[in-house]
Structure formats: structure tokens, C-alpha cells
Amino acid sequence: MSEVDFPKVTLKLATSLDGRIATSTGESQWITGTEARQIVHQLRAEHDVVLVGSGTALADDPMLTARIDPEPKVQPTRMVVDSSLRTPLTHKIVETAKQYRTILVSGLHVEEDDELPFVAKSVDVWSLAIAPGGGVSIRALLTRCAEEGISSIFLEGGGKLAASFLKGGHVDKVEWFRAPMIIGGDGIPCLASLGIEQLNEVADWERTRLEVCGKDVWESFSKKL
Ligand SMILES: NC(=O)c1ccc[n+]([C@@H]2O[C@H](COP(=O)([O-])OP(=O)(O)OC[C@H]3O[C@@H](n4cnc5c(N)ncnc54)[C@H](OP(=O)(O)O)[C@@H]3O)[C@@H](O)[C@H]2O)c1
């Protein structure tokens, strides 16, 4: 399957002015204000899938539903990239899988017996190849999504998963909400390292929106082709 068939990926970042998504202890709720968070719910509703890494699922125990009024006719599918199925069975995303479609993306090495407790709670488990540097292969994930008819993904972090998508050139749009606070260098960065050494290796982004949103600023960017 060619890359043109991959779903469109929108990366959401909700950061401090200095690009942190949590304090050094992992506290992240809430950096941005209610207005920004309401827009994020609307953006979730506009995508087929809301995706996070296992680090975020473990730290935040998120629901990842689109909580807007009126409720969307179809909630986005919730997806966690979790190569060793570390997400606790007691987490909300697992407990509510009967109600809202939920997919955990694990590595091929995971035993079927370890998947069964999740499947019993109505979670779909996709076993995909692990990339040479570790973590689920993003190309394998996007290929499977395309095969399943998924055409848009709203990627909500954290920094490690977002960096993996960016490194592969798999992010099409960025929705960036910046709060007027400074957390400092010991906070968790919104992006893990990208391994860029020369500025000419850096992708160019075009700003398509710059808006005040409550106490925060909302900027949208599209990848320059
Ligand atoms: N402010 C915000 O809006 C916001 C948003 C999201 C997160 N956060 C915060 O960010 C923190 C978590 O971020 P994080 O960067 O530590 O974790 P993360 O990006 O959410 O998850 C990283 C984990 O995902 C799994 N993974 C599987 N395949 C991967 C791949 N190809 N690339 C990268 N990861 C892959 C790995 O765990 P396995 O090996 O176990 O699979 C990896 O350790 C939390 O403190 C959370 O509160 C804040």
C-alpha cells in the first residue's frame, strides 16, 4: 500500500510557553484553560481516531471521548499504542470499551493469553511489528488503519509518540494550544528528541491560524509540501 493511502494525522499539543506538557512529576491537568479544552473535544469529534501513547494512558487514565453538546453521532475510536499491554484493566479506557470502540496496539511478541483479559472487556487488540529502534512500527500502524478504513487520526501525545510520528514525516497538521505559563527544563517536553543536527533537515510548517482562546493562544499549522 502506498503512503498516499495513509490516514491524515493531526498532532495536538497543549503546552506551556516553553513547550512543556507536564511538570517534572508528570502533573499535566490542566495546562490549558476550559476554552482550549472545549475546542480539543470538538477536534476529537472531527477525527476517526483519537490516539495516545501508553505513557499518557498510564499517567492520565484519560477517557479520550469527544465531550461536546450535543454529543457527536459517532464517537471517535480510542487507540493506545501500548507494545507490552501495560494499560491497567481498571483504566477508564478499558472499563468503557463496551460503550466506545477502543483499540490497544501491541507488539507481535505479546502472548494471546495476555490479550484475552482486554478482549473480554471488548477492547480490540492489534498486534503489529516492532520498529528496529523499539516501539510499534508507525508505518505498520498507519497501514493497518488504512486497511480498516480509518482516514483521520487525532494524535494527542505524549512527547515520545509524537516524536515517532514526526521523525517518519507522518504528521500533516499541528493544532498547538499555548498557555501563559513557564514550567522549565525539568518539565516533560512536548516532543522527545528528533535527532536533527542541521537546520536544513527541519520540515517547514505554514501557520494557518493564530487565535486567542480564553487565556491561551491557538495556532494551527500545515506541513508545507
Ligand atoms: N499537556 C498535554 O496535553 C499532554 C498530552 C499528552 C500527554 N501529556 C503528558 O505526557 C506524559 C506522557 O508522555 P510520554 O512521552 O512519556 O509518553 P507517550 O508518548 O504517551 O507514550 C510513550 C510510550 O508509548 C509506547 N510506544 C509504542 N510504540 C511507540 C512508538 N513507535 N514511539 C513512541 N512510543 C511508542 C512506548 O511504551 P511501550 O514500550 O510500553 O509500548 C512508549 O514508552 C504524561 O505525563 C502525560 O500527562 C500531556
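So, a few notes on the structure that sits alongside this text. For clarity, every value in this text was computed on a predicted model and none was experimentally measured.

## Re the overall build of the protein
Okay, step 1: Helix and strand counts for the protein stand at six helices and 11 strands.
Okay, step 2: At 17 Å, the protein has a C-alpha radius of gyration in line with the 17 Å of a compact globule built from 225 residues.
Okay, step 3: Principal-axis analysis of the C-alpha atoms gives the protein an extent of 45 × 40 × 35 Å.
Okay, step 4: Each of the 225 residues in the protein was classed as buried or not, and the buried ones make up 45%.
Okay, step 5: In the protein, the proportion of contacts linking residues at least 24 apart, taken out of those at least 6 apart, comes to 70%.
Okay, step 6: A total accessible area of about 11,600 Å² is found for the protein, and carbon and sulfur atoms account for 51% of it.
Okay, step 7: Side chains of the protein carry 24 positive and 32 negative charges; the gap between the two charge centres is 3 Å.

## Some thoughts on the site of the ligand
Okay, step 1: The local shell around the ligand holds 27 residues, among which Thr56, Asp60, Ser83, Arg86 and Ser164 are the closest.
Okay, step 2: With respect to the ligand, the backbone of Gly158 contributes an N or O atom lying 2.8 Å from an oxygen atom.
Okay, step 3: A distance of 3.1 Å separates an oxygen atom of the ligand from a polar backbone atom of Gly159.
Okay, step 4: Summarising the interface, the protein chains cover 85% of the accessible area of the ligand, which totals 930 Å² for the free molecule.
Okay, step 5: Within the residue set of the shell around the ligand, elements represented by two or more residues are strand 1 (8-16), strand 2 (20-22), helix 2 (54-60) and helix 6 (159-167).
Okay, step 6: Per-element tally for the shell around the ligand: the top contributor is helix 2, with five residues.
Okay, step 7: Of the residues assigned to the shell around the ligand, the class counts are nine nonpolar, 12 polar and six charged.

## Overview of the nonpolar core
Okay, step 1: Leu51, Met79, Val105, Trp126, Leu141, Ile153 and Phe165 are the most contacted members of the largest nonpolar core, which totals 27 residues.
Okay, step 2: With four residues, the top contributor of residues to this core is helix 5 (residues 138-147).
Okay, step 3: Discounting residues that sit within four places of it in the chain, Leu51 has contacts with Met79, Val81, Leu141, Ile153, Phe154, Leu155, Glu156, Gly157, Leu161 and Phe165.
Okay, step 4: One finds Ala36, Leu43, Val50 and Phe177 within the second-largest nonpolar core, a separate group that totals 21 residues.

Calculation rules
In every chain, residue numbers begin from 1 and rise along the written sequence. Predicted model: local features are reported for residues with pLDDT of at least 70 only, side-chain atom pairs are reported and counted for 80 or more only, and whole-chain, interface and lining totals are derived from all residues. Just so you know, side-chain values use all the structure's heavy atoms and leave hydrogens and water out. Secondary structure counts use DSSP, requiring at least four H or I residues in a row for a helix and at least two E residues in a row for a strand, with both numbered from the N terminus. Here the globule rule reads 2.2 Å times residues to the power 0.38, and the radius of gyration is calculated from C-alpha atoms. Three exposure classes are used, based on accessible area relative to the maximum for each residue type with a 1.4 Å probe and protein chains only: buried under 20%, partly exposed in between, and exposed over 50%. Only heavy atoms matter for contacts: two residues are in contact if any of them lie within 4.5 Å across the pair. Note that accessible areas follow from Shrake-Rupley with a 1.4 Å probe, and for residues the cover is restricted to the protein chains shown. Residues scored as positive are Lys and Arg, those scored as negative are Asp and Glu, and His as well as the terminal groups of each chain are ignored. Charged side chains are reduced to one point each, which is NZ for Lys, CZ for Arg, CG for Asp and CD for Glu. Only a single heavy atom is needed: when it lies within 4 Å of a molecule or strand, its residue is near that molecule or strand. For this analysis, a polar contact is any N or O atom pair within 3.5 Å, provided that within protein one partner can donate a hydrogen and the other can accept it, and provided that sequence-adjacent residues contribute only side-chain to side-chain pairs. Under the scheme applied, nonpolar residues are Ala, Val, Leu, Ile, Met, Phe, Trp, Tyr, Cys and Pro; charged residues are Asp, Glu, Lys and Arg; polar residues are all the others, including Gly. Among the buried residues, those of types Ala, Val, Leu, Ile, Met, Phe, Trp, Tyr and Cys that are joined through side-chain atoms within 4.5 Å form a nonpolar core.

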